[in-house]
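Residues per chain, in single letters:
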Amino acid sequence: MTKPQVKLTRSIVQRAPKTLLHEHLDGGLRPATVLELADRAGYTELPESDPLKLADWFAAGAARGSLPLYLEGFRHTIALMQTADALERVAYEYVEDMAKDNVVYSEVRFAPHFHTQRGLGLDAVMKAVTRGLERGSQDFGVEARTIVCAMRNLSAMLSMQMAELAVAWRAHGCVGFDLAGEEAGHPAKHHIDAFHLVKRMNFAITIHAGESFGPESIWQALQYCGAHRIGHGTRLIEDMVVHDGKVLSIGPLAQYVLDHRIPIEVCLSSNVHTGATTSLAAHPFPHYLAKGYRVTLNTDNRLMSRTSMTDEYMLAHEHFGLTLDQLEKIAINGMKSAFAHHDERIRLIFDRIKPGYAALRSSLEN
């Protein structure tokens, strides 16, 4: 006789070990930190001076069903992340926030060239962020790594520079290279030289694809650029036939992603906010899960989408019925898909994730 499934409370889910592979450093600042950095920098363009009202403003601005509109708020956070002290502080607080959310491993991504507007060089940017993450890891016990982003709408030459920077910092906690930004009109193959460099250097690639453009964007990320993971991948569902809530057939691209265990970095909240899916109920996540795709759950931008990893796990539980066992599987998927070295992935799965869930189950049974 099987035991009835436990109704998971927020407290239980908060205690569950988690992994996070897709979060933008400039999209996850604390509202209070935004205000303090603005005051310190003499920045007067913020629309609110109260942390709660500012949080409301960022969330309302992001939840307009459009990726370009979603990205508008970043002009404020980026403007405040132009000094080494500010970058180190934001990175350090990021790790502290991960610890409070019981995230045992995280990869945070950012575009270093966005942070050179007040004289910092690219290496100085990387050094400041790395220092913040390292201090945070030492203080809070979270393994934190960086991913360098290039931008689709900027030049291929700049993307090559970002690829070279990512590889140069691989010995200092940088584990991958990403391409972000608006997909429509900015195909990934325009940046193919950067990806060729990264592949030749035996480095890791994740690409935002299938968020604001269809399966062709995912195909290009994989087959032109050699992506090891897909950021978002929401519109891969368009290569499937779904009827009456079930996937009836899978197209060749979706089959390739499934067969080759390509991880999909799902971001439930932000996918609704950017219009990648019309609603949470319409999100393809449960279809991916049911068909056995290697799905992970992520926050994308905690400030903009007013979310946390606990929030994303709660959405999966409350809206899609995920059990504690399935949430453990999601966390393990994340660790298996991480760009950390194999021995580190194994260590964290067997030393942190599995024992953490075993202890949580034991406490619920007693």
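This text gives an overview of the structure that appears in the document. (Residues numbered from 1 in each chain as written. Predicted model: local features only at pLDDT ≥ 70, side-chain atom pairs only at ≥ 80, totals over all residues. Heavy atoms only, no water.)

### Some thoughts on the environment of Ile 330
Right, on to step 1. By the element assignment, Ile 330 lies in helix α15 (residues 324-337).
Right, on to step 2. Expressed as a C-alpha distance, the spacing of Ile 330 and Lys 189, which sit 141 residues apart in the sequence, is 30 Å.
Right, on to step 3. Look past the residues within four positions of Ile 330 in its chain and what remains in contact with it is Thr 19, Phe 285, Leu 289, Val 295, Thr 296, Leu 297, Tyr 313 and Leu 322. (Helix = DSSP H or I, 4+ residues; strand = E, 2+ residues; numbered from the N terminus. Contact = heavy atoms within 4.5 Å.)

### Let's talk about the packing of helix α6 (residues 84-100) against helix α7 (residues 122-140)
Right, on to step 1. In the contact formed by α6 and α7, the axes pass within 7 Å of each other and the chain directions differ by 30°. At the point where α6 passes α7, the crossing takes the right-handed sense. For the pair α6 and α7, contact is made by Ala 84, Leu 87, Glu 88, Ala 91, Tyr 92, Tyr 94, Val 95, Glu 96 and Ala 99 and by Val 125, Ala 128, Val 129, Arg 131, Gly 132, Leu 133, Arg 135, Gly 136, Ser 137, Asp 139 and Phe 140, respectively.
Right, on to step 2. Class assignment of the residues belonging to the contact of α6 with α7 gives a composition of twelve nonpolar, three polar and five charged. (Axes fitted to C-alpha atoms, helices over the stretch in contact; angles between N-to-C directions. Left-handed = near helix turned anticlockwise from the far one by under 90°. Nonpolar A, V, L, I, M, F, W, Y, C, P; charged D, E, K, R; others polar.)

### Examining the nonpolar core
Right, on to step 1. Membership of the largest hydrophobic core comes to 113 residues, with the highest contact counts inside it found for Tyr 105, Phe 177, Leu 236, Phe 285, Tyr 293, Leu 297 and Tyr 313.
Right, on to step 2. Of all the elements, α6 adds the most residues to this core, at seven residues.
Right, on to step 3. Not counting residues up to four positions away in its chain, the partners in contact with Tyr 313 are Val 13, Pro 17, Lys 18, Thr 19, Leu 297, Leu 327, Ile 330, Ala 331 and Tyr 357. (Core = buried A, V, L, I, M, F, W, Y, C linked by side-chain atoms within 4.5 Å. Buried < 20%, exposed > 50% of the residue type's maximum accessible area, 1.4 Å probe, protein only.)

### Thoughts on helix α3 (residues 51-62)
Right, on to step 1. Across its twelve residues, α3 extends 17 Å between first and last C-alpha, which sits within 8% of the 16 Å expected from 1.5 Å per residue.
Right, on to step 2. Those residues of α3 that sit buried are Leu 54, Ala 55, Phe 58, Ala 59 and Ala 62. Buried residues in α3, looked at end-on, bunch into an arc of 135°, giving them a common side. For α3, the exposed residues set more than 90 degrees away from the buried face come down to Leu 52 and Ala 60. (Expected span 1.5 Å × (residues − 1). Arc of directions from axis to C-beta.)

### Quick look at the environment of Thr 9
Right, on to step 1. Mapped onto the elements, Thr 9 comes out in the segment before α1 (10-15).
Right, on to step 2. Residue Thr 9 is classed as partly exposed on the basis of its relative accessible area of 39%.
Right, on to step 3. Along the primary structure Thr 9 and Phe 285 are separated by 276 residues, whereas in three dimensions their C-alpha atoms are 21 Å apart.

### Re the pattern of salt bridges
Right, on to step 1. Counted by the stated rule, this structure contains 24 salt bridges.
Right, on to step 2. Between Arg 10 and Asp 311 there is a salt bridge, and its shortest N-O distance comes to 2.6 Å. Of the two residues, Arg 10 sits in helix α1 while Asp 311 sits in helix α14 (residues 309-320), which places them 301 residues apart along the sequence.
Right, on to step 3. The class for Asp 311 is partly exposed, based on a relative accessible area of 22%.
Right, on to step 4. Residues joined in a network through salt bridges with shared partners are Glu 23, Arg 30, Glu 36, Arg 89, Glu 93, Glu 96, Asp 97 and Arg 302. (Salt bridge = Lys/Arg side-chain N within 4 Å of Asp/Glu carboxyl O.)

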